[in-house]
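# Coordinate inspection notes
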Amino acid sequence: MRQALTRGGRAFTAAALTTTAAVLLCAAGLVVAGGSGDARAAGGAVVLDEGELDFTPRQVDGGLRLQIDDRGAGSTVVREPSEVVLHVVPSALQYTPDPVATALGTTNMDSWQLGGWEAANIFAAEPGWKGTEAGGDTEVALSGYEGPGIFGLATYTRETDSVNGPAIAHLGSAEGVPRSFTLAGDTERLLPVWLFTAEGVHRLTFTVTAGGATDTETLAVVVGDDVDPSTVAPGDGTTPTPSASPTPTPTATTRVISEGHVDMAARKVEGALEFQLKEGSELDHTWHQPGGVVLHVRPAAKRKIPEGYDFLGTPGDAVWWLPLQQNAGIVWPGWNTGEFPRAGLDGRVSFRLDSVQGPGNVAMFYSDSTGTPVVPLNSGDGLPDTHTLAGGTHAHFDWAFSAEGVYRTTFTVTATLADGTRVGDTETLAWVVGDDTDPSTVTPGTGDEPSATPTTTPTASASGTGSSTPTATASASESASASAAASGSPGATASGAAVSVDGTSGSLASTGAQVSAVAGIAVAALVMGGGAVFLVRRRRTTDREEGTS
């Protein structure tokens, strides 16, 4: 029976190295994993989900073999396609440029891409093709495909886009798309976009031909997080793998919210203010007490910290980022004071972050009109922190968590009614970041585990004056800025405080994978490198909450 093993989130093989081959290839800086023939299936399936990979047709023992040079762990390990599962992580979901869609016979709807424009911003596999070890040019053919959608390889760069050039289709499964391409013998590394239009298990059969020799290999690919890649048989799927353990069922009293729209809201209850969660849209929503909910920040939110965001950590390090615009497959938290119209308040509603317990820091922020981050809430530089919203306001910001694990955020929400009455509430909200912890096993609210990084908590009082720290504000008519700046780095998400205020509806934003309207958000392109500004033919638009100012 095969067993998939993981090491720090990355799978590895327990198979013994073939000693003789390793000795012969060490001089070339290569290590061979597994052996040949039936021995290729020995040991555990190796899940490749991060780092550089080269699919390399090479001469081995007088014949041609398609192998994978895995540099994900630093040194190069040579692997057989029949012994690995390539995992296209959830964060690889991104927009599809029109030329790529045209070249590969699909639409410009979002797709899962390796080597796409988001590659510099996510932790994912970076597969390429190497042609220098086949002894000449190699024909690479897609001789078989099984999967739930469309697969294709194409080359399309920002430089190509800047001159309105077409994408180059190498091969693909859609009708009318080439089934093969020539990998030149002097190609050190071809880096096409690997595109998949659907989650699930895909099996790609490649046939490589060079100098009259041929090899055919099948690669198993798991796209997204609907299927656990460690349970998938590699190659053509004929090798069994252990059955997956049953997934624990959340208790009836706990609501785990892993995707979609949810607002942290000041709700009016019998004339008082309660801090509650409003899940869904304005026309179809459910109210929850924070003590009955766990918010799950899925692995798809994992990003690289961009330059200029040093308050999150070192650029290039991992962070779990919930953007202010809605992204499919992850939770979209916002703020809502819609139940307290401006006319019914004396001032604004205050949301004070009193404490954070968890393995890392939590920050909420947006970008001003110059693209500079504004950070109303940040547990990394001390708490309490406070931000305020006018009555009848619905707002979204960027959120970031610096480490995986369980977080507990305690908020005090206060307001003064028009008649001078002070109302307020203090609640603790549980978050699970990443997949190290099953969110269905986490106790909501204050919980029962010790704090990893407790912060000093002030005395919470609904009638108090709130935090003494400067108050950051955001509203469509009153904030210093609600603009967005697009990063010059490939695929960077536009940022800015997306806000709506009361008027005809004071409403929640519509939900969905893509929201087309833009409210109060001007996108300023930042300059990269030698002053080149790259424009994209079709980008995902930022979101606007419904309502009028």
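Small disclaimer: the values here were computed from a predicted structure and weren't measured.

### Quick look at the pattern of salt bridges
A full pass over the atoms with the stated rule returns 13 salt bridges. For R189, the salt bridge is made with D54, and the minimal N-O distance between the two is 2.5 Å. Pair noted here: R189 is in the loop between β15 (180-183) and β16 (193-196) and D54 is in strand β5 (residues 51-60), with a separation of 135 residues, a long-range link. On the accessibility criterion, R189 (26% relative accessible area) is partly exposed. In the salt-bridge network here, residues are joined through shared partners; they are E52, D54, R71 and R189.

### Section: the pairing of β16
Both faces of β16 are covered, namely the face carrying V193 and L195 and the face carrying W194 and F196. Bridge analysis of strand β10 (residues 111-114) against β16 gives 3 bridges, and the strand direction is antiparallel. Each bridged residue has a counterpart across the sheet, and for L114 the counterpart in β16 is W194. In terms of strand pairing, strand β13 (residues 151-155) meets β16 through 4 bridges, oriented antiparallel. Paired with F151 across the bridge in β16 is F196.

### What to know about the nonpolar core
Judged by nonpolar contacts, the single largest core of 43 residues is most densely connected at M264, L322, W335, W399, F401 and W431. Beyond its immediate chain neighbours, meaning those up to four positions away, M264 contacts F275, Q276, L277, P333, G334, W335, N336, F351, W399, F411, L429 and W431. Judged by nonpolar contacts, the second largest core, of 37 residues, contains V46, A124, W194 and A213.

### Observations concerning the sheet that holds strand β32 (residues 398-401)
Here we have 5 strands laid out as an open sheet, ordered β24-β25-β32-β28-β29, and antiparallel in their pairing. Sheet topology places β24 (302-304) and β29 (373-378) at the edges, where each strand pairs with a single neighbour. Averaged over neighbouring strand pairs, the angle between their axes works out to 40° when direction is ignored. Bridging between strand β28 (residues 362-367) and β32 involves 4 bridges; their strand directions are antiparallel.

### Quick word on the side chain of R65
Within the fold, R65 resides in strand β6 (residues 63-73). Look at R65 and you get buried, because its relative accessible area is 12%. A distance of 2.9 Å separates polar atoms of two side chains, one belonging to R65 and the other to E80.

### Focus: the confidence of the model for the protein
Per-residue confidence for the protein gives a mean pLDDT of 79, with 71% of residues at or over 70. Low pLDDT, under 50, characterises residues 1-30; the stretch is placed with 60 contacts to residues that sit more than four places away or in other chains. Low pLDDT (under 50) marks residues 34-43, which in the prediction has 24 contacts with non-local residues, meaning those over four places away or in another chain.

### Details of unusual backbone geometry
L383 connects to P384 through a cis peptide bond whose omega is 10°. Assignment of secondary structure puts P384 in the loop between β29 and β30 (385-389). Even without being glycine, D61 reaches a positive phi, approximately 55°. With respect to the helices and strands, the residue D61 is situated in the loop between β5 and β6. The phi angle at E270 is positive, at roughly 50°, despite the residue not being glycine. In this structure, E270 sits in the loop between β20 (260-269) and β21 (272-280). Given the relative accessible area of 82%, E270 is considered exposed.

### Observations concerning the sheet that holds strand β8 (residues 84-88)
Strand order in the open sheet formed by 6 strands is β4-β8-β18-β17-β12-β15, and the pairing between neighbours is mixed. Edge strands, defined here as strands with exactly one partner in the open sheet, are β4 (46-48) and β15. Strand-to-strand, the axes of this sheet are offset by a mean angle of 30°, without reference to chain direction. Where β4 meets β8, 3 bridges bridge the pair, whose relative direction is parallel. Of the residues in β8, the one forming a bridge with V46 is V84.

Cut-offs and rules
- Residues numbered from 1 in each chain as written.
- Predicted model: local features only at pLDDT ≥ 70, side-chain atom pairs only at ≥ 80, totals over all residues.
- Heavy atoms only, no water.
- Salt bridge = Lys/Arg side-chain N within 4 Å of Asp/Glu carboxyl O.
- Helix = DSSP H or I, 4+ residues; strand = E, 2+ residues; numbered from the N terminus.
- Buried < 20%, exposed > 50% of the residue type's maximum accessible area, 1.4 Å probe, protein only.
- Pairing = 2+ DSSP bridges.
- Core = buried A, V, L, I, M, F, W, Y, C linked by side-chain atoms within 4.5 Å.
- Contact = heavy atoms within 4.5 Å.
- Axes fitted to C-alpha atoms, helices over the stretch in contact; angles between N-to-C directions.
- Polar contact = N/O pair within 3.5 Å; in protein donor to acceptor, adjacent residues only side chain to side chain.
- pLDDT = per-residue confidence, 0-100.

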